[in-house]
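Here are the chains, one letter per residue:
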Amino acid sequence: MEEDTEYLKLPLEDRCIHKLWKARLSGYEECTKHFPKIVDERSPEFNKFAPLMKKFVTDSNAVAQEKALEAVLAYVENAHVAGRTAGDVTNGIVQKCLAAPKRGTQEKALEVILMYCEIEKYEVVQEELMKGFTQKNPKVVAASVRAVTTALREFGPKVMNPKPLIKQMHTLLEDRDKNVREESKKMVIEMYRWIRQALKPQMSSLKPVQIQELEAEFDKLGNEKVVQTRFLRSQQDLKAKMEAQGDEEEEEDEEVEPDAPELDPFEFMEPVDILSKLPKDFYEKAEATKWKDRKEAVDLLLPLTQNPKLESGDYHDLMKVLKKIIGKDSNVMIVAVAAQCLTGLAKGLKKKFSPFALSFTETILEKFKEKKVNVVSALRDAIDAVFQATNIEAIQETVSGALANKNPQVKAETAAFLSRAFCYCTPTVFNKKLLKVYITDLVKTLNESDPTVRDNSAMALGVMLKVVGEKQLMVFIGEVENLKMQKIKEAADKAELKVKISAPKAKKPAPKKEAPPPAAEPPPSTTAPPKKVIKAGVKPGASSAGPAKGKKRLKGGGGGGGGGAGGGVLEECTEAELSIEDAVEKASEVLPEDVVSGVTDANWKTRLAAVESFGNTIQTLDRSEIPCQALVRVLAQKPGFKDNNFQVLKLRLEALKNLAENSDFTRRSGEVCIQDLVEKLGDPKNGSLCGEVLMTIAEAAKLQWVGPEVMTRAFEQKSPKIQEMALKWLSDAITDFGFVLQPKALIGDIKKALAHTNPGVRTAGISLCGTIYLYMGATLRVFFEDEKPALLQQIDSEFEKMNGTSPPAPTRGLNRGSSTENDDDADDVDSGPAVINVQDLVPRTNISDQLTSTLFTELADKNWKVRNEALQKVSNIISEAKFIKGDISELPTALCARMMDTNKNLALEALRLTASLSAALGPNCKPHTRNIVPGMLAALGDSKQNIRQQALSTLNSWVEQTGLKETVDGEVFADALKSGSPFLKSELFLWMAEKLKDAPPKSVNKEELHACTQYLFMALEDRNADVRKGANEAVLPFMIHLGYDGMVKHTNKVKPSSKNTVMQALEKAKPNLPAKPQPKPKAAAGGGTGRGAAAAAAERPQASAPAAGRGAAAGVKKGLRAPSATRTYERYWGSGSSRKDQEEVDTSPLLQVNNLKQQRASDEQRLRVLRWDFTTPRQEFITQLKDQMTAAGLNRQLMSNMFHQDFKFHIKAIDALNEDLNSNLPACIANLDLVLKWLTIRFFDTNPSVIMKAMDYLQQVFQCVSEEGYHLLDLEAYSFLPFLVTKFGDPKDAIRGPARNIAKLICNIYPASKVSPYMMDGLKAKNARQRAECLEAMGNLIEVYGMSVCQPSPGVALKEIAKQIADRDNSVRNAALNALVQVYFREGEKVFKLVGNLSDKDMSLLEERIKRAAKNRPVIKKPPVEPEVPTVRGGGASGRANRVIPTPAQPAPVITREREGADGATGGEQSSLLKRFGMRNQQQQQSSANANAPFKIDYGLIEKLLEDNDTTERPQYKIEEIPDMNSLLNYKPVCPTPASRLTRPGFTATSRPVSSGAQIDTEGAAQAINLVISQVATPDANTVITALSQLDEVLQSEERSTQLAPHIDQLLILATLQYRLVLNTKMANPNVNKEECIKIYRSLTNCLMMIFNNKQLGTQATRDVLRDVVHVLINILLDPRLAQLEDGPQIIRAINVLVVRIVEKAQFTHVFSALLKLLHESVGSGGGCKFTELVMKCNWKVIRILPTRSNDLDLDQILLDVHNFLVAYPVNTWAERPSDTPLRTIKTVIHTLCKVYGTNILSHFSKIENAQGSELHKYLTKTLKKPKTEDDGGVGDSNRLAAAQVTSDSAESVKSPKRLSKTAHNTLSEIFRKIGSKENTKEGLIQLYEFKQKHPEADIEPFLRKSSQFFQNYIERGLKRVEMERQAEGKVAASQASENGSNSAGPLASIQVPDTANFNMNELVAQFKSIAARAGFDNTYIDTAVKDICSAENKGSGERLDISEYIKTLSSDYGIEQNKEQFSSHDQ
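Residues numbered from 1 in each chain as written. Predicted model: local features only at pLDDT ≥ 70, side-chain atom pairs only at ≥ 80, totals over all residues. Heavy atoms only, no water.

(A) Main features of the side chain of D441. Relative to the helices and strands, D441 is located in helix α23 (residues 432-446). Within the local environment of D441, its side chain forms a polar contact with the side chain of S400, the two groups lying 2.7 Å apart. Setting aside anything within four residues of it in sequence, one finds D441 in contact with S400 and L403. (Helix = DSSP H or I, 4+ residues; strand = E, 2+ residues; numbered from the N terminus. Polar contact = N/O pair within 3.5 Å; in protein donor to acceptor, adjacent residues only side chain to side chain. Contact = heavy atoms within 4.5 Å.)

Here it is as structure tokens:
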């Protein structure tokens, strides 16, 4: 017996794992009792049992196992750490319990599983249960399926995800075990109960028998409602609501008992990737010219698109192809199949198709003109599918355009489409504006002559009628014939809507007796979270949700303010309504007969006397004697309060006020007069008195009723003045009465005011917002987030004014001695102000349905883009809902994971989203705190500061909503500090110190602080200084809440070595400890008005300023008492008879200086707003312009005049603008686009005086802005010029003349080449006068600016002008002929070619006119240079701001359009690039210098001679993808050689014969260069390489290469972009062929090498561009991936040479400054040491060549760069750096400059401020004072070489070339003529060689300088060849000996390799250059190779390079073969 009970002495946890089953049984039983007794769910006691839970459930004894399951159930219910055991325990249950023999064990196991689901571990449970599906034991499988079915039944599909179950459905139903199949069948049926039809598509893989059985079971279910019966811990609020809901309201409350979620079958389907399945030649076939190829392509695509769900991907290319086929293909069969493909794509992609929806909608609607039935049918299906990816608002403009199409079939099909689309719309979709637009368009088509159009329009209107209802529709439908109206109604009856439209449910009346009795509100709990409160004089127990059910709604109660909900329920007025007869009878009892009859007399004097007597009489009566309603009705008799005599009206109002103050005035009396009083609020004389009367009535009948009545009736008035005054009255009433109105409805009225067109009404609405803000605080701001940004800015400004201001104490409506209405409720209503929780007033949305499992899966996706999209979806859901309910499913957990995302941008976005979530949830944040706070704390440990700052901000937002106690809970902070990084600890301790210091004692969870204390002590000795600092800051705040003794207890856990440090910190903090804990602040005395606010301020230190300061007592702020009503209204209307003149006037400037123009241009370009393009101005354009003017801050009075209906006000506005022009020109420029747009509207006015005024003003404007140097923007041009051109056709010369002048003035500020297209568009007008003026303008433009104005090309433009010669109007003919005469003066006979084929008559007219005009031909003037287009200067690729962007050339519009038509993708890229760089024409003149040359050279012959019939095969690129530049340069088309330009840059494979007299078209060249350069930045490798090859062709010609000079910066920028694209994207992408990267690198490097080898081009590069080029080149050199490629080392060598060439050849100041700037940035950014080292080497190279280039140096700029470096990195800071080499480099620069410039350097400080005291000045002075040594002249080692170069160069410069004699000069001229001819080229070269041998002193440079670089190279190569032949003849024997019997070396074998003892390097170099030149290598390669040889030779005798081996290597590398005159290129 003793042995049996021995185990009872063991601890509980030991008993549970004892070997005896009885011991374990005893332990399990005690655990079952023990666990529920532990109060704290986070007790350490639970942690001891966590590892034992799996052993519990897997107990081998059946009896013990059952008890163990009970213990586990108790543990899971009570322990916080139970979630960690979910996986292991569930796994054990699946293995051992679910299939146990005992029934009780199975049931308890199932209970444990369901409990794990309840504590939010359902994902783990489902995963483990599904593992049970694969068990071999069928009992386990069946039990697992049963458990899943039970969980699904209890929790629903939101918890148990059906998607993975559906995948297992087929396997389970096919199982061989019957029980498994039965349980699986039950599971499928249970899934169907929840997801219904979404399941059926997934059953297609089942057997027909199984489907039939399941269908039968499904039918048995019927339409039963499924309800979740068990809830998660986070869903307990939903559970409570459902339990509280009574049976009667069970069907009504949708929020409490939602219907079964209707899931989309689409979500359960597996997506198919069709892009990878497309054939490789699909796109080629789809764009082939043969229709069969195109048909084959779409036939292949069609089956792929029929998959029900498609994988997301890049469908842009595919969509372009389909769009082109549908829109432009002439084969109807192909169009039909393409439409079917589009249908499948739209259905398969769903919402992912939305980016393409709008463009396809437009294409399909236009294609409806097709008559083939099969095509139209396919198009209908396609557009219906496309519509599912967009919405009715997005396609509105496209549909409106289609309804206005001329083709009736397009109209009919568009209307039919709308009728189908409307079936998917709900009433909320159709806002007022959208409804109006659609109805207007459809009513027009309803009256069309085509019956199909009419019928379809009626059908569309009928569907709309069914959707929105007759009341909404009839407002806009206007006068429609009865017959047509009948058709519309018939269509409405037939329409079948595809979506459910929830009709508003009638509220069930609730009897009064069920309402809770009024009672005082209990004091707020001290443990409850702080709430924002407002004060109001309302009944404490009143509901804030609106009028009570069952009460009769009062008239006007639906208006503003939402009558009385904020201030208690208004009972129905009990006073009976009197008829006018009864009222007169009762009034006669107290009033004389003459008074009663006199108030309605026609004579105003009689009325005046009667009303005066009326007032005197009632003053004598007692309160009880006054029949108030009767007297009010008598007083209101006609004319009543509408009396036209202001004196009589004043007396009436005073009498009414007297009645309201001194009688029992009820709402019944108010109903009689309130309408008339509202109408008189705008009266200038009695308006203020009306306001006072309304205020008095509000005090008598309660503001809760009067306020809404006033607002409702005011907004029924048309006069904006009445609405403005009503809003101001309500603002004052709230100030006087307190906030007693319902905010929700009141905000609706404010929104009406903000949307009003009158600025006064909007201002009054904003002012009312500010008043309400005093009471509601920041919560009010959320209701206006959807307003326009400009309006929101004004609202924010109003809120800022109110910050820190407390609401004034109410002065009206309180403590009345007696009530005049409903005496039994008097005490309830006026019992005093009460506390209202603002959060309770906010309507909240349930977003749980939108948070689908798919969304959470996307949030956890591996692809960061998918995760980013999911975050954006969640953000959109929250922003649309604004305020949400607490049911947000797994969102906190998902966001927590994203806050720790490896992608830092996503982590930052998740943190921002969490902050938004906290604001949206409000008090509902509390249940989710434990799930989401760990993510914020983890983000605090991030290394990036911006993420840490955002994490702190998010944490503060969460604390603000939940309170500090709820946030700092659950050992979350302790766990974070335990494993956190130093960043986390430092940030978190500082945050806790800040929060705990001022927190009340009871608002902090002390247990959590105790858990954090040990980590606080450890942090006091942390290695990180920031952590130690944060810990020391937190010691005192911790001690405030834990006490000194409480913290000392924790020192026992500290290491002995650390205890002294900890105790010192505690002792240091102890003296600062307050004597007592901070008490909770009490409300100040004053009636309790500030109690709630003061408490909130104390409990929430983070509350906003308005909330914090609202608790002041009424007596504290005496100055805030509401002013008297008279004073208030005098402020608005003034006083006395002159009140109208003293109305509020806007005194602000007419135009404000701002920076909004660029934003407007961007918005219009991106189609965010309407593009300013119309034939007549529609209302939406005018409204948009008004909104833009309001946002820009234009003067309100000016805007009122601008948009007045009377033209006189328009003239006033123009006069005001004209007067303001000179004094406020910057503001005019800032708003010029708005002014021009307004003036274009005025052009449509019929009054000529306005247009003439506008013309005069425009001339003044353009004159002023031209003098100011302003450049017109494209936005301003296309918004104004088309409308100006229409005025060219005005019949009045007073308008036409100024219009012509304005066009000329615009050319001063806008390129003439961009003005001319608008003139050409004017030729399409029907107005002959306009055509003539446009032609005259074109003639003037050609005369002044040259042929560049002929756009898009001279040929196209002149052909259009020539057509006008045949016009029947004489003035048009003359103008056209005059314009062509101007062309003749410039182009000569070429004009006849440009005008094309003309009729004989027209040609004779032109010839005659030219002959006549040629007699007096004017002198051709040089065209003026067009003004540059201003470019937006933004950050560059590396993030630097204000970079210099060179002004590129003008685009070639015709080329761009042609390419877009031929190839949409390429054209789009070209267009975007051209637009991006703002390319413009550079006006260049043909140089006539060549005319004076002594000879002409036939370049074509020379190139042909050098080609030697090279027939080597080369890979061909698709040249058609890039326009051939040579053809545009007036050369024959050339196919550029695709071989590497690094190997043979000087040769091409095709001839280019050019006549000597060929003249290059400058304009065409500029356009061609722009277009080809734009291709350099495209992602396509073939396009880039082909473009660079064309540029190489230009660079090889000296004549053509000069045309590249204006484009060098542009080319270098795009080359840099391409370098970066390859380096950062293509090299990092494993799917990109690295050979492609090598080709791009090679082509780019060669192109840049040729640029910098050209003296004229290399010097054109600017500083910042060079800096970017060198930066990216160095990064490429450091790329380790490049070196690993096969050809990588060659590219690295080539780029190395390129960097050196840039340093040597670029403009010296620019390259020197760029390298200094690069060194500066490299040191500052902490760039890699290798990068900085290479930058320094470049600087050293510059230092070495500095002495030779000193004349080219801008010394002031260099000194400024050195100064900036020394300022940023002073000398004394370099001791802390690992290396000071950058500083030493700068010092070497200073030494070298001092050496070269001497003391003159001190006069070059012009760009440095305060230069005398700078470190640079001191260093220069010190350096200049040092004595110079003999060896280096005072310069360091690094400059000795440079000094030597200076000496040698200066010595050589002394020798000047000897002047040639006349005979020698003539001889040389004759020799060069021979070289230039075909027959004598070789003879000329021999003679030139012999001449140089005879006259070595002769300088032939002057003869070569005027020829091209190609010709110079040719002569140099020819001379070398002759020299080699002469040497070879003299050294035949030596040459044969050096070959050593080998014949495989090729031509290189002729290089002599003598004995190394007598080796002459220079001789070898000369031979090498000659052979290399013959092989086709250019100077770049030769110089590089020579340097390599020389450097190898200079290594020393011990390491001499074997030259023979080097040449052999060279021969094999470059494929030079023996016995060939020409050598093919090989990729280097």
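(B) Main features of the pattern of salt bridges. According to the stated counting rule, one finds 73 salt bridges in the structure shown. Here K752 makes a salt bridge to D749, at a shortest N to O gap of 3.9 Å. Of the two residues, K752 and D749 are both situated in helix α36 (residues 743-754); the distance of three residues between them amounts to about one turn of the helix. Here the salt bridges do not stand alone but share partners, grouping E66, K67, E70, K102 and K108 into one network. (Salt bridge = Lys/Arg side-chain N within 4 Å of Asp/Glu carboxyl O.)

(C) Main features of helix α61 (residues 1207-1223). Helix length check: α61 (17 residues) gives 26 Å between terminal C-alpha atoms against 24 Å at 1.5 Å per residue, within 8%. Contacts made by the buried residues of α61 are with α60 (1196-1202), α62 (1225-1230), α63 (1232-1242) and α64 (1248-1267). A distance of 3.1 Å separates the backbone nitrogen of K1208 from a side-chain oxygen at the start of α61, and that oxygen is part of D1206. (Expected span 1.5 Å × (residues − 1).)

(D) Representation of the packing of aromatic side chains. For the coordinates displayed, the defined rule picks out 29 aromatic pairs. Both rings, one in Y1769 and one in W1774, keep their centres 6.4 Å apart while their planes meet at 70°; by these two values the pair is edge-to-face. Put simply, the rings of W1172, F1174, F1181, F1244 and F1283 pair up and form one aromatic cluster. Its guanidinium or amino end placed over the ring of F646, K685 lies 4.4 Å from that ring's centre, counting from NZ or CZ. When the ring centre of W1774 is taken as reference, the NZ or CZ atom of R1777 above it lies at 4.7 Å. (Phe/Tyr/Trp six-rings, centres within 6.5 Å; stacked < 30°, edge-to-face > 60°. Lys NZ or Arg CZ within 6 Å of the ring centre and 35° of its normal.)

(E) Here's a closer look at the packing of helix α92 (residues 1862-1876) against helix α93 (residues 1881-1894). Viewed as axis vectors pointing N to C, α92 and α93 meet at an angle of 150°, and their least axial separation amounts to 7 Å. Taken as axis vectors, α92 and α93 run roughly antiparallel relative to one another. Of the two elements, α92 crosses α93, and the hand of that crossing is left-handed. Residues A1864, T1867, L1868, I1871, F1872, K1874 and I1875 of α92 pack against T1881, E1883, G1884, L1885, Q1887, L1888 and F1891 of α93. (Axes fitted to C-alpha atoms, helices over the stretch in contact; angles between N-to-C directions. Parallel < 35°, antiparallel > 145°, perpendicular 65-115°, else oblique. Left-handed = near helix turned anticlockwise from the far one by under 90°.)

(F) Expanded view of the confidence of the model for the protein chain. Confidence along the protein chain averages 75 in pLDDT terms, with 75% of residues attaining 70 or more. Mean pLDDT across the secondary structure elements of the protein chain bottoms out at helix α57 (residues 1125-1133), with 35, and peaks at helix α22 (residues 408-422), with 93. pLDDT under 50 marks residues 246-261. Its contacts with residues more than four places away, or in other chains, come to 25 contacts. pLDDT under 50 marks residues 1419-1560. Its contacts with residues more than four places away, or in other chains, come to 309 contacts. (pLDDT = per-residue confidence, 0-100.)

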